[in-house]
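Coordinate analysis (summary)
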Amino acid sequence: MLFETTKDVLDWYQSGDRVITPAFIDGVPWAEIKNHPIDPKFFPVLLYMRDVETMTTRYFDELMKSATGKEPMIREFMEQWAMEEPVHGALLSRFLEEAGCPQETDWKKKGFDRLSISYRVRSKIQEWITLPFGKNFTSVHMTWGAIHEYSTLTGYRRLWELSGHPVLEVLLKAIAREEAKHSLFYWSVARIHLKESPFRQQLARYLVEKFWKPVGEGVKTEAESNVVIRTLFSGKD
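Summary of the structure given here. The structure presented is a predicted model; accordingly, all values stated were derived computationally and were not measured. Residue numbers run consecutively from 1 along every chain, following the written order of its sequence. Under the rules for a predicted model, residues below a pLDDT of 70 receive no local features and side-chain atom pairs below 80 are neither given nor counted, while totals for whole chains, interfaces and linings still include all residues. In computing side-chain values, all of the structure's heavy atoms are included and hydrogens and water are not.

The next point concerns the overall build of the protein chain. A run of H or I in DSSP counts as a helix once it spans at least four residues, and a run of E counts as a strand once it spans at least two, with each numbered from the N terminus. A tally of regular secondary structure across the protein chain gives 11 helices and 0 strands. Secondary structure of the protein chain in N-to-C order comes out as α-α-α-α-α-α-α-α-α-α-α. Here the protein chain holds 237 residues, and the buried ones make up 46% of them. Excluding contacts between residues fewer than 6 apart, the proportion of contacts in the protein chain whose partners are at least 24 apart in sequence is 85%. Each accessible area value is a Shrake-Rupley result obtained with a 1.4 Å probe; residue values ignore everything except the protein chains displayed when judging cover. For the protein chain, the exposed surface amounts to about 12,400 Å²; the carbon and sulfur share of it is 58%. Here's how the labels work: a residue is buried when its accessible area is under 20% of the maximum for its type, exposed when over 50%, partly exposed in between, all with a 1.4 Å probe on protein chains only. Contact between two residues is taken to exist if any of their heavy atoms lie within 4.5 Å; hydrogens are not considered.

Here it is, written out as structure tokens:
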């Protein structure tokens, strides 16, 4: 599916109904979760995913300060995206609770409080770095977002395949359907911006190759990210 303008992409995105609705949430067989065992090795993965989904508001706030965030079509998408992602985190938190995985009291607040000083400083530096590039940096933001969304989508797929938990599969497939729409939005807008300028292509390639890190690393530690990667992507497959 190829689009010619960012408005075309936004119109497509907004034309579909949300997958995760109050009716969907009410229909999840929450009471069945405890009847199906899940390997505890997946709990750190789920906790990581819960926190990253919840803390996307941090990325939203940072992006809104850039030229990318000032583009009306992208801003409209991001405002909806920033409302959907924390719902994914809430669903994962509820699953963990029903599955008997301990969660800290006020885990949301503590997650934000634990953001390192170095992360906060890097965030501010990145904000300053993007300013001279103006709208040329939008291609980087959108490319970065597409990679993050596609890798998130792949992680969810691996988790439901490996865990073998039927209720978790229902939840993750619903989340994945929304993530798939997010990924196509990012990819489509990135494509539109990149094809307009070889400079943008070079800039995006350089910054991704030099500075990209797995989704969530930054708000979470590198060690936590490595646990997720080893758990989901170890072995021949």
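There's plenty left to go through after this.
Once that is clear, we can look at the packing of helix H5 (residues 72-99) against helix H8 (residues 138-163). Each axis is a line fitted through C-alpha atoms, taken for helices only over the stretch in contact, and angles between the N-to-C directions span 0 to 180 degrees. Where H5 meets H8, the axes come as close as 15 Å, and the angle between the chain directions of the two elements is 25°. Judged by the angle between their axes, H5 and H8 are roughly parallel. Remark: the crossing between H5 and H8 carries left-handed chirality. Facing H5, whose interface residues are Ile74, Trp81, Glu85 and Leu92, H8 presents Thr138, Met142, Glu149 and Tyr156. In this classification, Asp, Glu, Lys and Arg are treated as charged, Ala, Val, Leu, Ile, Met, Phe, Trp, Tyr, Cys and Pro as nonpolar, and every other residue, Gly included, as polar. Along the lines of polarity and charge, the residues of the contact of H5 with H8 split into 5 nonpolar, 1 polar and 2 charged. Should an angle fall under 35 degrees it is called roughly parallel, over 145 degrees roughly antiparallel, and 65 to 115 degrees roughly perpendicular, with every other angle called oblique. Crossing handedness: left-handed means the near helix sits turned counterclockwise from the far one by under a right angle, and right-handed means the same turn made clockwise.

With that settled, the discussion passes to the packing of aromatic side chains. By convention, a stacked pair of Phe, Tyr or Trp rings (six-membered ring in the case of Trp) has centres within 6.5 Å and planes under 30 degrees apart, an edge-to-face pair has planes over 60 apart, and any other such pair is tilted. In total, this model carries 8 aromatic pairs according to the counting rule given. On the numbers, 5.8 Å between centres and 45° between planes, the contact of phenylalanine 3 with tryptophan 12 is tilted. Plain terms: the ring middles of phenylalanine 185 and tyrosine 186 are 6.5 Å apart, the flat faces sit at 85° to each other, and that makes the pair edge-to-face. Judged by relative accessible area, phenylalanine 185 falls into the buried class, the value being 0%. Three or more aromatic residues joined by ring pairs form one cluster here, namely Phe3, Trp12, Tyr13, Phe77, Trp81, Phe185 and Tyr186. Cation placement over rings: the criterion is NZ of Lys or CZ of Arg within 6 Å of the ring centroid and within 35° of the ring normal. Over the aromatic face of tryptophan 30 sits the side chain of arginine 94, whose NZ or CZ is 4.2 Å from the ring centroid.

Moving on, we get to H8. Three or four residues apart is the spacing at which side chains of an α-helix point the same way, because the helix has 3.6 residues per turn. Helix length check: H8, at 26 residues, gives a terminal C-alpha distance of 37 Å against a target of 38 Å (1.5 Å per residue), a fit within 8%. Burial analysis of H8 places 19 of its 26 residues in the buried class, the great majority of the element. Of the residues one or two after H8, glycine 164 is the one with positive phi, at around 65°. In this analysis, the expected span of each helix is defined as 1.5 Å times one less than the number of residues it contains.

The subject of this paragraph is the nonpolar core. In this text, buried Ala, Val, Leu, Ile, Met, Phe, Trp, Tyr and Cys residues form a nonpolar core when linked through side-chain atoms within 4.5 Å. Membership of the largest hydrophobic core comes to 32 residues, with the highest contact counts inside it found for Leu46, Leu159 and Leu172. Elements with a minimum of two residues in this core: helix H3 (43-54), H5, H8, helix H9 (166-194) and helix H11 (222-233). It is H9 that provides the largest number of residues to this core, a total of 7 residues. Apart from residues no more than four positions distant in its own chain, leucine 46 is found in contact with Ile38, Leu92, Phe95, Leu96, Leu159 and Leu168. Formed by 27 residues, the second largest nonpolar core is a distinct cluster that contains Met78, Phe185, Tyr186 and Ile192.

Exposure above 30% relative accessible area and the absence of a salt bridge qualify a residue for a patch, where like charges join within 9 Å and nonpolar side chains (Val, Leu, Ile, Met, Phe, Trp, Tyr) within 5 Å. When a carboxyl oxygen of Asp or Glu is within 4 Å of a side-chain nitrogen of Lys or Arg, the pair counts as a salt bridge. On the surface, Leu2, Tyr150 and Trp187 cluster together into a nonpolar patch covering about 310 Å² of accessible area. As for its position among the elements, tryptophan 187 is in helix H9. Exposure remark for tryptophan 187: the relative accessible area of 36% places this residue in the partly exposed category.

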